[in-house]
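# Descriptive analysis of the structure
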Amino acid sequence: MTRCLTIPEVMAVLGVKSKDTVYRLISAGELRTVDVSAYGRTRTRVREDDLQAFIDARTSEAPRRASA
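For the structure given in this document, a descriptive report is provided here. Counting from 1, residues in each chain are numbered in the order their sequence is written. At least 70 in pLDDT is required for a residue's local features to be given in this predicted model, at least 80 for side-chain atom pairs to be given and counted, and no such filter applies to totals for whole chains, interfaces and linings, which use all residues. As a rule here, side-chain values come from all non-hydrogen atoms in the structure, and water together with hydrogens is ignored.

A 1.4 Å probe rolled over the protein chains alone gives each residue an accessible area, and that area as a share of the maximum for its type sets the label: buried under 20%, exposed over 50%, partly exposed in between. By the criteria applied, helices consist of DSSP H or I runs no shorter than four residues and strands consist of E runs no shorter than two, each listed in order from the N terminus. If you check which residues of helix 2 (residues 19-27) are buried, you get V22, L25 and I26. Projected down its long axis, helix 2 shows its buried positions confined to an angular sector of 100 degrees, all on one face. Exposed residues lying more than 90 degrees from the buried face of helix 2 are R24 and S27. Any pair of residues with heavy atoms lying within 4.5 Å of one another is described as a contacting pair. Contacts from the buried residues of helix 2 go to helix 1 (7-14), strand 3 (41-47) and helix 3 (48-57). Two or three places before D20, at the start of helix 2, stands the capping residue S18, its side-chain oxygen 3.1 Å from that residue's backbone nitrogen. Within two residues after helix 2, G29 carries a phi angle of roughly 80 degrees, on the positive side. Each direction from the helix axis to a C-beta atom contributes to the arc, which is the arc of those directions. Two N or O atoms form a polar contact when they lie within 3.5 Å of each other; inside protein one atom must be a possible hydrogen donor and the other a possible acceptor, and for residues adjacent in sequence the pair counts only when both atoms belong to side chains.

Before going further, it helps to examine the sheet that holds strand 3. Across the sheet, which stays open at both edges, the three strands sit in the order 1-3-2 with antiparallel pairing between neighbours. Looking along the sheet, the strands with just one partner apiece sit at the ends: strand 1 (4-5) and strand 2 (34-38). Two strands form a pair only when DSSP identifies at least two bridges running between them. When strand 1 meets strand 3, the two strands line up antiparallel, connected through two bridges. Each bridged residue has a counterpart across the sheet, and for C4 the counterpart in strand 3 is R47. In the packing of helix 3 onto the sheet, contacts are made with strand 1 and strand 3, and the angle to strand 3 comes to roughly 50 degrees. Note on geometry: axes are lines fitted to C-alpha atoms, helical ones only across the stretch in contact, with angles between N-to-C directions running from 0 to 180 degrees.

Working note: non-glycine residues mostly have negative phi, and peptide bonds are mostly trans. Notably, Y39 is not glycine yet its phi reads approximately 55 degrees, a positive angle. Looking at Y39, the relative accessible area reads 85%, which means it is exposed.

The next thing to look at is the pairing of strand 3. Here strand 2 pairs with strand 3 via five bridges, running antiparallel. When the sheet's bridge partners are listed, S37 is paired in strand 3 with T42. The loop that links strand 2 with its antiparallel partner strand 3 comprises two residues; one of these, Y39, has a positive phi angle of about 55 degrees.

Within the span of helix 1, buried status applies to I7, V10 and M11. Around the axis of helix 1, the buried residues are gathered within 105 degrees of arc, so they sit on the same side. For helix 1, the secondary structure elements touched by its buried residues are strand 1, helix 2, strand 3 and helix 3. G15 sits one or two residues past helix 1 and shows a positive phi near 75 degrees.

Okay, structure coming up:
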């Protein structure tokens, strides 16, 4: 089973300073979430696997230098 992260934990992993940034990624459909309902409140969580997939999809390789 994979761990579910809170929005502040996602912020820390991505190195962003605003919850709005994470929520924009979620509302744009770029970052998948899990809604957990407890005591009449819904809490949004992001699975570690989904966060890693998001990061992997946006990771580029460094350009290779031409040999001299």
